Protein chains: 2
Amino acid sequence: MPLDAAIAEIETLLGTRLSLTQAERDLHSRSETYFGPTLPDAVAWPETSEEVSAIVKICAKYGVPIVAWGAGTSLEGHALTTHGGICLNMSRMNRVIEVSAEDMLAVVQPGLTREELNTELRATGLFFSVDPGANASLGGMAGTRASGTTTVRYGSMRDNVAALEVVLADGRIICTGSRAAKSAAGYDLTALMLGSEGTLGIITELTLRLHGQPEAISSAVCAFDTLEAAVETVQMTIQMGIPMARIEFVDEEIARVFNKMNGTTMPEKPHLLIEFHGSNDGVAEDSKRFGEVVAEMGGADFQWATSSEDRNRLWKMRHGAYTACLASRPGCMGLVTDVCVPISRLAEAVAAARADIEAEGLIGPILGHVGDGNFHAIVLLDRENADELARAKRVAKKLAERSLAMGGTITGEHGVGLGKRGLMTAEHGEGWQVMGAIKAALDPQNILNPGKVVPDLPLPESAK
Amino acid sequence: MPLDAAIAEIETLLGTRLSLTQAERDLHSRSETYFGPTLPDAVAWPETSEEVSAIVKICAKYGVPIVAWGAGTSLEGHALTTHGGICLNMSRMNRVIEVSAEDMLAVVQPGLTREELNTELRATGLFFSVDPGANASLGGMAGTRASGTTTVRYGSMRDNVAALEVVLADGRIICTGSRAAKSAAGYDLTALMLGSEGTLGIITELTLRLHGQPEAISSAVCAFDTLEAAVETVQMTIQMGIPMARIEFVDEEIARVFNKMNGTTMPEKPHLLIEFHGSNDGVAEDSKRFGEVVAEMGGADFQWATSSEDRNRLWKMRHGAYTACLASRPGCMGLVTDVCVPISRLAEAVAAARADIEAEGLIGPILGHVGDGNFHAIVLLDRENADELARAKRVAKKLAERSLAMGGTITGEHGVGLGKRGLMTAEHGEGWQVMGAIKAALDPQNILNPGKVVPDLPLPESAK
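Every value quoted in this text rests on a predicted model; they were computed, and no experiment measured them.

**Quick word on the environment of Ala146 of chain A**
Residue and element names in this part refer to chain A.
Then, number 1: Position of Ala146 relative to the elements: it lies in the loop between helix H5 (138-143) and helix H6 (151-154).
Then, number 2: For the pair Ala146 and Ser74, spaced 72 residues apart in the sequence, the C-alpha separation amounts to 10.0 Å.
Then, number 3: Those residues within four positions of Ala146 in sequence are excluded, and the remaining contacts are Val130, Met141, Ser156, Met157 and Glu413.

Written out as C-alpha cells, the structure is:
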C-alpha cells in the first residue's frame, strides 16, 4: 500500500516523532466545534523546515494527504484530516528565532502561540497585536487570516505578517515577502498564503510586525438599553474618527454569562468594551470624546478600568467568552457564526441575527469585533439533538446570506474550513473557480489539506 | 491574419473608439522613462466592463496580446506593448460610481486619476490617501501596488483597496473582496491582483477605502548638515512612536532643484518634509515631540507651514520633484531607482547609494518616503549617451542587490515592469516560478501583458 510505504519512510525520518497510536490519532481527529471526528492515519511532529519539506516530498511521492495542526483551536474544522493522511503537529516548531526591536519585527516558528510570543516580548516594549479569542498558534492564525479585538486599530494577520517561509506541495521551500515595510515586487505571495488554510503550502516560519506598547492605555465598559444604541455608538465613534484600539460588543446574554463565570455585577444589558492607546494626553482626549458619544446615545454605568489588573481582567473575560458560553450549558457544543458587514449595516445585521436565533428557538449569545463590522453568535447546541444542529445551521446560513446581501462577507476571521465551503460561490461567484485554478496549479496532486477552501478537485491516490 | 481579424472584430464593437493611426499608436508606445518605444497594433477606448470583457474575448480567440493603459505615468515600462497587440486606453472609464460616506468607501472606474477622485470627494470630509508623485490612474496604481508620501500613516494600495472587479484572460468578470473591513473567505484575490500589473486580469472597477480629513494638520521642513542626521531622525521618530502622516527626505541636490524651480530659499542641504494629522491637541503634541528629536539630531532652519496654502505648496513641490529634476538638465531622461529597506538599514543604504552614484560619475538626486524605508535616486541621463545609461543601470542593480542583502526589496512602489524582471529571482528565488505557475493557470495563452512580471512563458499566436 502506498500509504504504508509513505508512513514507513516518514518513520525512518522522524523515529518516535511519528505516532500511529489510536490515542494520538483520536486527539488529532477533533475540532473545537460541531464537526464529527476524522482520524488521520498518522501524526508527525517535525522540528525543522527541512523535515517538513522531506515529509511533504514523501506525501507527494505516494499521494498522501497532509494537514498541518497548530493549537487545534480553529472553529471551522480546518485542521481535520477529512481524507485521512498525515497530521503534521507543529507544536515542536515553537521557537522565537529573532526579535528585531529596531525594525519592530519578530521571526518565529509556526507552532508558537500568540500568548507565548507576547510573553517573550515583554521586556522589549513591543507587542504582537493580533488576538483571536483562543491562544492560537501563529501558523494557524496566518493560515486563517485571523484577527481579533485590536484589529480595528492594528489590523489582522493580513497587515501583520511581513514575510513567510512556506513548504510547497512538491517540497520546495520558498520565502515570500521581505523585511521592508512595503514592496511592489510582483504577485503578493504572502497575502496569497495568508488565509489559504494549508491548501497551497505549509507555513514553516513567519516574520511578524510588532507594535510599540502604548505610553497610556485606558479601558472602559458601558451598558446600553438596546443593542441598537450600542451598535450605533460604534458607528458614530468610527465616523468621528476617534481612534479606538479595541471596541467590542457583548449582548445581555453574554453579560449574564460573564457575571456567572467571573463574579462580576454587570447589568444584564448590551455592553461595549472599549480601549484607547496613545499618549497620556491623547488617551484622555479620546476617552472624553467617546464619553460624550456614549452620553448622547443613552449609555449608562460607564466604568473605566484604570489599573492594568482591571484592564487585564476585562479582556481576559472577553477572550474567555466562548468557553464561558459553552460552560453555561453543560455538555453542549457550539456553532459560532462569523459574518462581517459594512459598518453602516451593522445595527441592522445584529438585530436581524438576534431575531433569526429567537425564531429558531435557539440560545445564541452575540458578541463581536464591532469596530470591524464583525460579530459572532455562539449558538449553544445539545450534542445529541440533531434537529437543534439543523436549526443552528439554518441560522448560520441565513446570517451569511444576509451579510452578502449587505455587501459583507460570510467570514470575517474564522475562515472557510468545512463550515463555509457551501457559501463560497455565493460570495465569490466565478472567483471561487479562480481559487480552484490556483490550487490546481500549485498542488496538482491535491495533497495539501484536500477538501478545504476551494471547489472539489480529484483526490490524491492514498486519500480516503 | 488572426491579428487583422481581431482588430476587425474590435472595430465592429467600438467603431471610432478603436484607432490604428500612427499618431495614436506612437502616443501609446512611450513611457516616462528610458525604455525605448514599442508600438501597439491598435489603441482601444472601452467605456464599460462588458466592452473590456468582449475585447479580451476577441484577443483570446485570436491570441492577441492586450495591455491596459492608465495615465501613462509608470516608471518601469509596465504599459508598453513589448509584443504588440491591443493597447487598452482606460481613460474613458473614469467615473466615480458611488461614494459611501458612512462606510468610507468609493467605487470608481480605473481610468479615474487620484487627483480627480480627491476633487470629487472635497465636500464629503473624506479623502483618498495614496499619492504617488504623478497624477496616476487608480487602475494603474492598483496594478503596481502603488504607494506615496502618506503610506507611512495610511498604507499603500494594498491597504486601501477593499474590492476589485476584474476581467480575466477568458473574458469572465469576477468581483474580488467585499465592502466589509476584513474577510477570511478563502484566497485573497484582491491582494493577488494588486501588483500583478495587468498580467492576471484587467481591473475594471475599484472599491477604495477613504479616510476622514483630519481636524488639524501641521507640516514642517527642516534642514540637516548630513544625510545621516536626517535619516537617523526618521528612525528615531518611528521608534518613539510619533505618528507621522508623512515624512519625506530630499537631499541637497533636490533642495537646489526646488529653489531653482519654485523660487524657494531652502538651504542647499538634506531636508526632511513632515506632516502630522490629528486633533488640535494631538498634532501640537506630536509636533513638539518631533521638534525635540530634530533639535537633538542637530536639525536647523525648522519652518512650520501653518496655512493650508503653504502646506499645499510644500507637497506640490515634493510631488513635482521628478519633473523638476528632469527640467534641471534640459533634454535628459530619468532612471529612477526604488529600493525599500528595513528602517534600521536606511541611513546606511542611502549613504551607500550616494557613494555609488558619485563613483559612476552620475547626477542622481535622492529623495524618498523614508518613513517606509523607501527611497529613490533620480539618475539624470543624456538621451544620446549609451554609456551613461549603462552606468546608471549598473547603479540601479547595485542598489537593488544591496537592498536584498539588507532584507529589503528591489522595488518599494514602482513595480516590476520591464526594469526589474532581471532581479526577480534574486528577490524571490523559487517564488518567482510560483508566480509563473499562477500566471500560466489564469492566463494559459499569455495574452495579458505578456513579457512582464513573471518568467518567460510561450507567447500567444499573434504576438510580435
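Next, the rest of the story.
**Digging into the domain arrangement of chain A**
All names here are of chain A.
Then, number 1: Domain annotation of chain A identifies domain 1 (2-91), domain 2 (95-212), domain 3 (216-321) and domain 4 (329-405).
Then, number 2: Centre-to-centre separation of domain 1 and domain 2, based on C-alpha positions: 22 Å.
Then, number 3: Each partner contributes residues to the interface: domain 1 has 16 residues there, and domain 2 has 19 residues.
Then, number 4: Taken over both partners, the interface formed by domain 1 and domain 2 buries close to 1200 Å², and the fraction arising from carbon and sulfur atoms is 68%.
Then, number 5: Per-residue buried area on domain 1 facing domain 2 is highest for Ser49, His78 and Met90; these three make up 36% of the total on that side.
Then, number 6: Elements represented by at least two residues in the side of domain 1 that touches domain 2 include exactly helix H3 (49-62) and strand E3 (66-69).
Then, number 7: Here the element with the most residues in the side of domain 1 that touches domain 2 is H3; it accounts for seven residues.

**Here we look at the interface of chain A and chain B**
Then, number 1: Taken together, the contact pairs 69 residues of chain A with 69 residues of chain B.
Then, number 2: Both faces combined, the contact of chain A with chain B buries some 5700 Å², and carbon together with sulfur accounts for 57% of it.
Then, number 3: On the chain A side of the contact with chain B, Arg158, Lys182 and Tyr187 of chain A bury the most area, a combined 16% of that side's loss.
Then, number 4: Where chain A meets chain B, there are eight salt bridges.
Then, number 5: At the boundary of chain A with chain B, the tally comes to 35 residue pairs in polar contact (both at pLDDT 80 or more).

**Examining the sheet that holds strand E18 (residues 374-382) of chain B**
Hydrogen bonding along the main chain pairs the strands of a sheet, whether they run parallel or antiparallel.
Residue and element names in this part refer to chain B.
Then, number 1: A sheet is described by the order of its strands in space; here seven strands give the open sequence E15-E12-E14-E13-E17-E18-E16, paired in antiparallel fashion. The open sheet has two edge strands with one neighbour each: strand E15 (300-305) and strand E16 (332-336). For this sheet, the mean angle separating the axes of adjacent strands, direction not counted, is 20°.
Then, number 2: Of the pairings in the sheet, the one linking strand E13 (residues 246-250) to strand E17 (residues 366-369) comprises two bridges and is antiparallel in character. Paired with Phe249 across the bridge in E17 is Gly368.
Then, number 3: Sitting on the sheet, helix H11 (residues 280-296) touches strand E12 (216-223), E13, strand E14 (271-278) and E15, and the angle it makes with E14 is about 155°.
Then, number 4: On the sheet, helix H14 (residues 346-359) packs against E13, E17 and E18 and is oriented at approximately 10° with respect to E18.

**Overview of the packing of aromatic side chains**
All names here are of chain A.
Then, number 1: A complete count under the given rule lists six aromatic pairs over all chains for this structure.
Then, number 2: Ring centres 5.4 Å apart and planes at 90° place the aromatic pair Phe127 and Tyr154 in the edge-to-face group. Here Phe127, found in strand E7 (residues 126-127), pairs with Tyr154, found in helix H6; they are 27 residues apart in sequence, far enough to count as distant.
Then, number 3: Among the residues examined, Phe127 registers a relative accessible area of 12% and is labelled buried.
Then, number 4: Under the relative-accessibility criterion, Tyr154 is labelled buried at 11%.
Then, number 5: Across the ring face of Trp315, the terminal group of Arg246 is positioned such that the distance to the ring centre comes to 4.3 Å.

**As for the relation of the copies chain A and chain B**
Then, number 1: Here chain A sits on chain B after a turn of 180° about the axis and a move of 0.0 Å along it, with an RMSD of 0.0 Å. Such a turn and shift between the copies fits a two-fold axis.
Then, number 2: Comparing contact sets, 100% of the residues at the interface of chain A also lie at the interface in chain B, consistent with an isologous, same-surface contact.

**Regarding helix H12 (residues 308-319) of chain A**
Then, number 1: The end-to-end C-alpha distance of H12 of chain A, which contains twelve residues, comes to 16 Å, matching closely the 16 Å that a straight helix rising 1.5 Å per residue would cover.
Then, number 2: Along H12 of chain A, the residues classified as buried are Arg311, Leu314, Trp315, Met317, Arg318 and His319 of chain A.

**Some words on the UniProt feature "domain: FAD-binding PCMH-type" (unreviewed entry) in chain A**
Then, number 1: When the UniProt feature table is mapped onto this chain, "domain: FAD-binding PCMH-type" (unreviewed entry) is found at residues 35-213 of chain A.
Then, number 2: Structurally, residues 35-213 of chain A is divided into 23% helix and 25% strand, and its ends, taken at the C-alpha atoms, are 39 Å apart.

**Here we look at the packing of helix H9 (residues 227-239) of chain B against H11 of chain B**
Packed helices, taken two at a time, are described by the angle between their axes plus the distance between the axes.
All names here are of chain B.
Then, number 1: Contact geometry for H9 and H11: axes closest at 10 Å, N-to-C directions at 140°. In terms of orientation, H9 and H11 fall into the oblique class. H11 is crossed by H9, and the crossing has right-handed handedness. Touching Thr233, Met236 and Thr237 of H9 are Phe290, Val293, Val294 and Glu296, all from H11.

**Details of the side chain of Asp443 of chain A**
Residue and element names in this part refer to chain A.
Then, number 1: Relative to the helices and strands, Asp443 resides in the segment after helix H17 (430-442).
Then, number 2: Residue Asp443 is classed as buried on the basis of its relative accessible area of 1%.
Then, number 3: A polar side-chain atom of Asp443 sits 2.7 Å from a polar atom in the side chain of Lys439.
Then, number 4: For Asp443, the side chain forms a polar contact with the main-chain nitrogen of Ile447, separated by 3.1 Å.
Then, number 5: With residues up to four places along the chain from it excluded, the contact list for Asp443 reads Ala169, Thr199 and Leu448.

**Examining the nonpolar core**
Then, number 1: Counting 184 residues, the largest nonpolar core has Phe128, Met157, Leu272 and Ile438 of chain A together with Phe128, Leu272 and Ile438 of chain B as the members making the most contacts within it.
Then, number 2: In contact with Ile438 of chain A, not counting residues within four places along its chain, are Leu192 and Leu200 of chain A together with Tyr187, Leu189, Leu192, Ile438 and Leu442 of chain B.

**Considerations on the packing of H17 of chain A against helix H17 (residues 430-442) of chain B**
Then, number 1: Running from N to C, H17 of chain A and H17 of chain B cross one another at 130°; their axes reach a closest spacing of 9 Å. Accordingly, the angle class assigned to the pair H17 of chain A and H17 of chain B is oblique. Every pair of crossing elements has a handedness; the one defined by H17 of chain A and H17 of chain B is right-handed. Only Val434, Ala437, Ile438, Ala441 and Leu442 of chain B of H17 of chain B make contact with H17 of chain A, whose side of the interface consists of Val434, Ala437, Ile438, Ala441 and Leu442 of chain A.
Then, number 2: Taken together, the residues that form the contact of H17 of chain A with H17 of chain B break down as ten nonpolar, no polar and no charged.

**A few points about the environment of Asp26 of chain B**
Residue and element names in this part refer to chain B.
Then, number 1: If you trace the backbone, Asp26 turns up in helix H2 (residues 22-27).
Then, number 2: By relative accessible area, Asp26 is classed as partly exposed at 28%.
Then, number 3: Separated by 338 residues in the primary sequence, Asp26 and Gly364 place their C-alpha atoms 29 Å from one another.

Criteria and cut-off values
Residues numbered from 1 in each chain as written. Chains lettered and ligands numbered in written order. Predicted model: local features only at pLDDT ≥ 70, side-chain atom pairs only at ≥ 80, totals over all residues. Heavy atoms only, no water. Helix = DSSP H or I, 4+ residues; strand = E, 2+ residues; numbered from the N terminus. Contact = heavy atoms within 4.5 Å. Domains from an automatic or database assignment. Buried area = accessible area lost by both parts, 1.4 Å probe. Salt bridge = Lys/Arg side-chain N within 4 Å of Asp/Glu carboxyl O. Polar contact = N/O pair within 3.5 Å; in protein donor to acceptor, adjacent residues only side chain to side chain. Pairing = 2+ DSSP bridges. Axes fitted to C-alpha atoms, helices over the stretch in contact; angles between N-to-C directions. Phe/Tyr/Trp six-rings, centres within 6.5 Å; stacked < 30°, edge-to-face > 60°. Buried < 20%, exposed > 50% of the residue type's maximum accessible area, 1.4 Å probe, protein only. Lys NZ or Arg CZ within 6 Å of the ring centre and 35° of its normal. Least-squares fit on C-alpha atoms with pLDDT ≥ 70 in both. Expected span 1.5 Å × (residues − 1). UniProt positions renumbered as here; feature names shortened; annotations may be inferred. Parallel < 35°, antiparallel > 145°, perpendicular 65-115°, else oblique. Left-handed = near helix turned anticlockwise from the far one by under 90°. Core = buried A, V, L, I, M, F, W, Y, C linked by side-chain atoms within 4.5 Å. Nonpolar A, V, L, I, M, F, W, Y, C, P; charged D, E, K, R; others polar.

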